[in-house]
Number of protein chains: 2
Amino acid sequence: MERAKETQIVEHILDAIADQRLPAGTRLGEQALSDHFACNRTQVRRALATLTAYQVVEHVPNRGASVATPTAQDARDVFQARRAIESTICRNVVRHATEADIAVLRAHLAQEVQAKGHRDRPAAIRLSRGFHDLLARMGRNAVLERYAQDLTMRSSLIIGLYGTQARTLCAEDEHERIVDAIAARNEARALREMDQHLRHIEQGIDFDGTRPPTGALSSLLGTQSTERR
Amino acid sequence: MERAKETQIVEHILDAIADQRLPAGTRLGEQALSDHFACNRTQVRRALATLTAYQVVEHVPNRGASVATPTAQDARDVFQARRAIESTICRNVVRHATEADIAVLRAHLAQEVQAKGHRDRPAAIRLSRGFHDLLARMGRNAVLERYAQDLTMRSSLIIGLYGTQARTLCAEDEHERIVDAIAARNEARALREMDQHLRHIEQGIDFDGTRPPTGALSSLLGTQSTERR
DNA sequence: ACACTATAAATTGTTCACAATTTTTGTTAC
DNA sequence: GTAACAAAAATTGTGAACAATTTATAGTGT
């Protein structure tokens, strides 16, 4: 049973995209991937199909797969969807979060601060995304959790494509404000903070920006990110 | 190129599930399907993988695929997600709908009334779902549209599983009220009507109901539904 | 009759060779 | 030098045989 291999490939590529090591448009040749992961082409094929379903990979018949290149309209749609979904998640968290949950959130904030203090940009990006995933999990709604994860992933791609260098990261004090509102069990404030936060991220995107040239796969997959859920 | 075949299988099964001809839990044997669709097992396999990604099919390793059996918690999650997503869609429709769009909606309502007048239950179910899909399309947000379609599909499954015979259909006058609010460009009212409507549907579900026995695949796929987008 | 085991059948999973298609490379003419 | 065409290489898609696993069947003993 080589099912494990497939999910490993999927996770690995998702990480690489989230960390912005695999820029939009990168060709994902089947041979290259099966070489890299030392496995059969069939497994690579399934992994790519899964990633295509997540819409982070585009698949053109007879031309293979490549990292998706969201359009500006896609980007707007994604962020509107995030506002709809993550605000509901936020409401759920306010209602259901235990003290332990809030402690976990605060610990996560501390990590974010630390990563930024160390100028560890990749870690900062990962933790920033992780914050949203963490909230999604605490919302205790499997459907919304999955959609939110999908969308944070696609957001990474979008930010990598259109983001200006100045404002590509979530301001961690915005995250903190959200946690504060949750801890205070102030539903309205939490929703407002989340909505504002997502709008700020979106504002940091330059939709007129020219797309950077698509890099080759090379060994961009090499440096693996540490944690995963 | 047999890619068309795969989507054909997917659509066909989705229709059968939406029409509640394929009840939750039905085994979807690969052989049986490839016989039925007169095609290779490989294509059936891909189709099933796609359906699994949509979460309307469950796939257990070495035991094959079957129509998903959502739990009561799944059902609650799905409906909460629908409220979050479809209310945002509703807002978009109010803002962007042209007069032609509204005419299309009214025409759809007329069809719904007619189907119910004729006691054509399968058509009524299909049209009821179609109304929500139509709105999703008019929201002009590809992300939300896809999620909404996903969820209406899963709702069909849930209603088929837990729904009481009395309240399994959307009351068409609720649909009408939504359209009226949209036509009046009254955003707040449209949102309220949609939210209420979805809550009503959810209330028509008996979460303590015992699950009906899982029927065999047989030729449940036989009678094909007419339209598809 | 029931429980247990062994065998057979059916079903799913994997691999690999070959077919179809696209992309690259090389050649020739202008 | 470049455009057009042809051949070659690389890449993706497909199908069918084979392997592994699960489910059904038959047999044996108590």
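First things first, this report covers the structure right here in the doc. (Residues numbered from 1 in each chain as written. Chains lettered and ligands numbered in written order. Predicted model: local features only at pLDDT ≥ 70, side-chain atom pairs only at ≥ 80, totals over all residues. Heavy atoms only, no water.)

Here's the deal with the packing of aromatic side chains
In the structure shown here, the tally under the stated rule is 1 aromatic pair over all chains. Ring geometry for Y147 of chain A versus Y147 of chain B: centroids 3.7 Å apart, planes at 10°, classification stacked. In this pair, Y147 of chain A sits in helix α7 (residues 142-162) while Y147 of chain B sits in helix α7 (residues 142-162), so the two residues belong to two different chains. Note on Y147 of chain B: relative accessible area 5%, which makes it buried. (Phe/Tyr/Trp six-rings, centres within 6.5 Å; stacked < 30°, edge-to-face > 60°. Helix = DSSP H or I, 4+ residues; strand = E, 2+ residues; numbered from the N terminus. Buried < 20%, exposed > 50% of the residue type's maximum accessible area, 1.4 Å probe, protein only.)

Here we look at the interface of chain A and chain B
With 26 residues of chain A at the contact, the number on the chain B side is 26 residues. Between chain A and chain B, a total of about 2000 Å² is buried, with carbon and sulfur atoms accounting for 51% of that surface. Among the residues chain A hides against chain B, the three largest losses belong to Q80, V143 and Y147 of chain A. Together they make up 26% of the total. Here chain A and chain B share 10 residue pairs in polar contact (both at pLDDT 80 or more) between them. For the side of chain A that touches chain B, the elements supplying multiple residues, two or more each, are α4 (72-96) and α7 of chain A. (Contact = heavy atoms within 4.5 Å. Buried area = accessible area lost by both parts, 1.4 Å probe. Polar contact = N/O pair within 3.5 Å; in protein donor to acceptor, adjacent residues only side chain to side chain.)

A short note on the side chain of E193 of chain A
All names here are of chain A. Tracing the chain through its elements places E193 in helix α9 (residues 187-203). For E193, a relative accessible area of 15% puts it in the buried group. Excluding residues that lie within four positions of it along the chain, E193 makes contacts with R177 and I178.

What to know about helix α4 (residues 72-96) of chain B
Between its first and last C-alpha atoms α4 of chain B spans 35 Å; for 25 residues at 1.5 Å apiece the expected length is 36 Å, and the two agree. The buried fraction of α4 of chain B is high, at 19 of 25 residues. (Expected span 1.5 Å × (residues − 1).)

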